[in-house]
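A structural walkthrough
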Amino acid sequence: MSNKVYVTREIPKIGLDILSKYFEVEVNKKNRPLTKDELISKIKGKDAVLTQLTDQIDKEVLEKADTVKIFANYAVGYNNIDIEFAEKRKIIVTNTPEVLSDTTAELAWALLFAVSRRVVEGNNYVRKGKWKQFSPKLLLGQDINNKTLGIIGAGRIGKAFAKKSIGYDMEILYHNRSRDMEFEKEYNAKWVDMDTLLNKSDFISLHVPLTDETYHLIGKNELDNMKKTAILINTSRGAVIDEEALVKALENEKIWGAGLDVFENEPVVHNKLLDMDNVVLLPHIGSASTETRDKMAKIAANNIVQVLNGKDPISQVK
Ligand code: DGY
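Now for a quick tour of the structure. As the structure is a prediction and not an experimental result, all values here were calculated from the model.

1. Examining empty space enclosed by the protein
Enumeration according to the criterion identifies 1 cavity of 30 Å³ or more in this entry. Within this model, the largest cavity holds a volume of roughly 30 Å³. Lining the largest cavity are Asn234, Gly238, Ile241, Glu243, Leu246, Leu260, Val262 and Phe263. Class assignment for the residues of the lining of the largest cavity results in 5 nonpolar, 2 polar and 1 charged.

So this is what it looks like as structure tokens:
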């Protein structure tokens, strides 16, 4: 009898084709994440589950996942899965690293450009028929060239983000738990403590995973420490920023603007952010390019193929 795989949301065909070649595959065809009860009932008797970051794979789910050998998360982040408990239950957890680093870094840059040059405001201005003539002081933004870029978290995505600054003659500051000499040499990046990064950077981009240590890493004190002209970009996880504190900082003009792809209570966005012109808001699309989503689907599916064939997964989270 062939192994049974459950896929919690429809993923690109390339991934489903790989799975269907070997296993009996069931896909959630609803255009929404499953409730916890639905999830628990669907994974019953399955050998593998391909999950999304919206599936909370907590103790309760893991306790009921008697037959599941692997949860293959369709994301690089895995804060939705209780890794320690999965390990205790001897269930393998995998993610999709590397293939989405450039794509996510590109989106961080898209946000940086959009906020600093007021691209969305300008677009809305034209569409609403407000543009009557060229105006010398219309929608003045900020240059990117020659500014200081502050990167918090210099993992794969943080480094890809730094790499894309080449050509803009920027000074690169970064903060990370450990220093990376190779990165420093290659991009002329300078490791600084958090306070220095916050008060010296013109643009600050977050590239840390969400953990107990990074929860609300950016709160009132950190925002107060930034330049009044600073722009904050977040493509990591919403809860890395204290959203309430960010709203206050933007309202009180403590910082200049923000570009956000992720939010504390997705898909709910703080209603005050929705009314602000100096923020650009996106619906968590960091890795959402056709090419990258295909690659993610392939890795997630192949992780399942490996594990169900008794082999080591390609990208196990430990
Ligand atoms: C990830 O992979 O963690 C991204 O947030 C999903 O787009």
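2. Comments concerning the sheet that holds strand S5 (residues 92-94)
Reading across the sheet, the 5 strands line up as S2-S1-S3-S4-S5 and stay open at both edges, with parallel pairing between neighbours. Edge strands, defined here as strands with exactly one partner in the open sheet, are strand S2 (24-27) and S5. If you compare each strand with its neighbour and ignore which way they point, the axes differ by 15° on average.

3. Quick word on the site of the ligand
Looking at the ligand, the residues that line it are Leu53, Ala75, Val76, Gly77, Leu100, Arg237, His284, Ser287 and Arg293. Between the ligand and His284 there is a distance of 2.7 Å, counted from an oxygen atom to a side-chain nitrogen or oxygen. Contact between the ligand and Ser287: an oxygen atom at 2.7 Å from a side-chain N or O atom of the residue. With the chains in place, 93% of the 240 Å² that the ligand exposes on its own is no longer accessible.

4. Some words on the pairing of strand S11 (residues 257-260)
Side-chain positions along a regular strand alternate between the two faces of the sheet. Burial along S11 is two-sided: Gly257 and Gly259 facing one way and Ala258 and Leu260 facing the other are all buried. Pairing geometry for strand S10 (residues 231-234) and S11, over 4 bridges, is parallel. In the sheet register, Asn234 faces S11, and the bridge partner there is Leu260. Following the backbone out of S10, through helix H11 (residues 243-251) and into the adjacent parallel S11, one traces a crossover that is right-handed. Examined bridge by bridge, S11 and strand S12 (residues 279-281) share 3 bridges and lie parallel to one another. Bridge pairing in S12 links Ala258 to Val279.

5. Here we look at the environment of Gly15
Here Gly15 shows up in helix H1 (residues 13-22). Overall, Gly15 belongs to the buried group, its relative accessible area being 0%. For the pair Gly15 and Arg117, spaced 102 residues apart in sequence, the C-alpha separation works out to 38 Å. If sequence neighbours within four positions are ignored, Gly15 has contacts with Ala297 and Ala301.

6. Considering the layout of surface pockets
By volume, the second largest pocket is sized at about 430 Å³. Lining of the second largest pocket is provided by 21 residues; of these, Glu121, Asn124, Met276, Asp277 and Val279 occupy positions nearest its centre. Counting only elements with at least two residues in the lining of the second largest pocket, the list comes to helix H5 (101-116), helix H6 (119-127), helix H12 (271-274) and S12. No other element matches H6, which puts 5 residues into the lining of the second largest pocket. A breakdown of the residues in the lining of the second largest pocket according to their chemical character gives 13 nonpolar, 2 polar and 6 charged.

7. Describing unusual backbone geometry
Of note, the amide linkage connecting Glu266 to Pro267 takes the cis form, showing an omega dihedral of 5°. Mapped onto the secondary structure, Pro267 falls in the loop between S11 and H12. You will see that Asn146, though not glycine, has its phi angle at about 70°, which is positive. When you line up the elements, Asn146 lands in the loop between H6 and strand S6 (148-152). Note on Asn146: relative accessible area 58%, which makes it exposed. Here the phi dihedral of Asn188 falls at roughly 55°; this positive angle occurs in a residue that is not glycine. Asn188 sits in the exposed class, given a relative accessible area of 65%.

8. Observations regarding the pattern of salt bridges
By the definition in use, this model includes 19 salt bridges. Its salt-bridge partner being Arg32, residue Glu38 comes within 2.9 Å of it at the nearest N-O pair. Among the residues examined, Arg32 registers a relative accessible area of 33% and is labelled partly exposed. A salt bridge links Lys36 to Asp58, with the shortest nitrogen-to-oxygen separation between them at 2.5 Å. Remark: Asp58 occurs in the loop between strand S3 (48-51) and helix H3 (59-64) and Lys36 occurs in helix H2 (residues 36-43); sequence separation between them is 22 residues. Classification of Lys36 by relative accessible area gives partly exposed; the value is 31%. A single salt-bridge network, built from bridges that share partners, covers Glu26, Lys42 and Lys46.

Cut-offs used in this document
Residues numbered from 1 in each chain as written. Predicted model: local features only at pLDDT ≥ 70, side-chain atom pairs only at ≥ 80, totals over all residues. Heavy atoms only, no water. 1 Å grid on protein atoms, 1.4 Å probe; cavity = no way out; pocket = protein on both sides within 12 Å on 5 of 7 lines; lining within 4 Å. Points joined across faces, edges and corners; volume = space filled by probe spheres on them. Nonpolar A, V, L, I, M, F, W, Y, C, P; charged D, E, K, R; others polar. Pairing = 2+ DSSP bridges. Helix = DSSP H or I, 4+ residues; strand = E, 2+ residues; numbered from the N terminus. Axes fitted to C-alpha atoms, helices over the stretch in contact; angles between N-to-C directions. Near = heavy atom within 4 Å. Polar contact = N/O pair within 3.5 Å; in protein donor to acceptor, adjacent residues only side chain to side chain. Areas by Shrake-Rupley, 256 points an atom, 1.4 Å probe, with all protein chains shown as cover. Buried < 20%, exposed > 50% of the residue type's maximum accessible area, 1.4 Å probe, protein only. Right-handed = clockwise from strand over helix to strand, strands pointing away. Contact = heavy atoms within 4.5 Å. Salt bridge = Lys/Arg side-chain N within 4 Å of Asp/Glu carboxyl O.

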